[in-house]
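Residue-level structure breakdown
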Amino acid sequence: CDSRALIPRHDTETLYNCIIDNIEHGKKPKILDLCTGSGCLALAVKSSAECEMYASDISADALALAAENAELLGLEIKLIQSDLFEGIVGKFDIICSNPPYIPAGDIDKLADEVKCYEPRLALDGGDDGLDFYRKIAKDTPEYLNDGGLVALEIGFDQAAGVTDIFKSYDVQVIKDYSGNDRVILARLRR
């Protein structure tokens with residue numbers, strides 16, 4: 001990883017585990033990783049599960065890094081430059097993301113190793129940190145197969161806000177290894 005994308009942190013391991021645990025044995029799901037950054041989540045899932053993996057990001061620099069990482073690992077993923085669903089075509093069995101979720105006003109209060117070296121684009125989730133969740137919840141029904149899963153990393157204090165945004169979905173909140181709320185799993189109510 002380098003300055004083109006957020007440095008992966010252990011919190012995202014919880015999201016990875018949730019995705020792997022929800023892949024049905026014998027199935028080859030079509031998965032979309034939004035806001036892929038370095039590609040760490042998409043590549044980790046692809047390396048562990050038979051799947052058709054798509055990874056998107058608004059940043060051409062981040063996608064170039066994800067492509068380099070895919071080549072180094074010998075893994076095939078389809079990379080798409082897209083602002084969330086803007087350039088996405090088709091439906092998916094799993095839509096996952098570790099989107100920017102830091103409230104804009106909190107970024108300057110972060111530790112120097114984060115605020116000074118991470119791309120602001122990868123951190124800034126809008127005024128309350130929930131902008132990306134609103135967009136994902138609104139647009140996901142058009143891109144999710146029946147019975148499909150949405151798996152999203154959240155900030156430790158965002159479960160109530162994100163659950164409310166996904167109120168038309170069946171939502172489960174998953175804790176990380178430290179006991180903090182870290183992932184929401186959501187399925188559309190039919």
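Whatever comes next refers back to the structure up there.
The present account deals with the structure reproduced in this document. The structure presented is a predicted model; accordingly, all values stated were derived computationally and were not measured. (Residues numbered from 1 in each chain as written. Predicted model: local features only at pLDDT ≥ 70, side-chain atom pairs only at ≥ 80, totals over all residues. Heavy atoms only, no water.)

Some remarks on the sheet that holds strand β4 (residues 92-97)
Going by this rule: Whether two strands pair comes down to DSSP finding at least two bridges between them. Secondary structure elements are defined from DSSP: runs of H or I of at least 4 residues count as helices, runs of E of at least 2 residues count as strands, and each element is numbered from the N terminus. With axes taken as lines fitted to C-alpha atoms, and helix axes fitted only over the stretch in contact, angles between N-to-C directions fall between 0 and 180 degrees.
The strand order across the open sheet built from 7 strands is β3-β2-β1-β4-β5-β7-β6, with neighbouring strands paired in mixed fashion. Across the chains shown, the open sheet's two edge strands, defined by having one partner strand only, are β3 (78-81) and β6 (169-175). Recorded for the sheet is a direction-independent mean angle of 20 degrees between the axes of neighbouring strands. One ladder, built from 5 bridges, connects β4 with strand β5 (residues 144-153); its direction is parallel. Counted as the bridge partner of Cys96 is Ala151 from β5.

As for the state of the cysteines
Definition in use: We call a pair of cysteine sulfur atoms a disulfide whenever their separation is within 2.5 Å.
All chains considered together, the criterion is met by 0 disulfides. Of all cysteine sulfurs in the structure, the one in Cys40 sits closest to Cys1, which takes part in no disulfide; the separation is 7.7 Å. The thiol of Cys51 is not disulfide-bonded; the next cysteine sulfur, from Cys96, is found 9.2 Å away.

What about the nonpolar core?
How we decide: For the purposes of this section, nonpolar cores are sets of buried Ala, Val, Leu, Ile, Met, Phe, Trp, Tyr and Cys residues that join through side-chain atoms within 4.5 Å. Under the scheme applied here, a residue whose accessible area is under 20% of the maximum for its type counts as buried, over 50% as exposed, and between as partly exposed, the area being computed with a 1.4 Å probe on protein chains only. The contact criterion used is simple: two residues touch if any of their non-hydrogen atoms lie within 4.5 Å.
Membership of the largest hydrophobic core comes to 31 residues, with the highest contact counts inside it found for Leu32, Phe85, Ile95, Tyr133, Val150 and Phe166. Of all the secondary structure elements, the ones that give two or more residues to this core are β1 (30-34), β4, α5 (131-139), β5, α6 (159-165) and β7 (181-188). With 4 residues, the top contributor of residues to this core is α5. Here Leu32 is in contact with Tyr54, Ser56, Phe85, Ile88, Phe92, Ile94, Ile95 and Cys96, once residues within four sequence places are set aside. With 22 residues, the next largest nonpolar core counts Ile94, Ala151, Val183 and Leu185 among its residues.

A word on α5
Quick reminder of the rule: Here, the arc refers to the directions that run from the helix axis to the C-beta atoms.
Burial in α5 covers these residues: Phe132, Tyr133, Ile136 and Ala137. Down the axis of α5, the sector holding all buried residues measures 130 degrees, keeping them to one side. Buried-residue contacts for α5 involve β1, β4, β5, α6 and β6.

Some points on the packing of aromatic side chains
Two numbers describe a pair of aromatic rings. These are the distance of the centres and the angle of the planes. Note the threshold: Under the pairing criterion, centres of Phe, Tyr and Trp rings, with the six-membered ring standing for Trp, must be within 6.5 Å; the plane angle then separates stacked pairs below 30 degrees from edge-to-face pairs above 60, leaving the rest tilted. Each ring is checked for a lysine NZ or an arginine CZ that lies within 6 Å of its centre and within 35 degrees of its normal; such an atom marks a charge sitting over the ring.
For the structure shown, the criterion picks out 3 aromatic pairs. Ring centres of Tyr54 and Phe92 lie 5.4 Å apart, and the angle between their planes is 80 degrees; this geometry places the pair in the edge-to-face category. Taken together, the residues Tyr54 in strand β2 (residues 52-57) and Phe92 in strand β4 connect sequence positions 38 residues apart. Ring centres of Phe85 and Tyr143 lie 4.6 Å apart, and the angle between their planes is 10 degrees; on these two criteria the pair is classed as stacked. Here Phe85, found in the loop between β3 and β4, pairs with Tyr143, found in the loop between α5 and β5; they are 58 residues apart in sequence, far enough to count as distant. Like Tyr143, Phe85 is buried. The ring of Phe92 carries Lys30 above its face, with NZ or CZ at 4.9 Å from the centroid. When the ring centre of Phe132 is taken as reference, the NZ or CZ atom of Lys135 above it lies at 5.5 Å.

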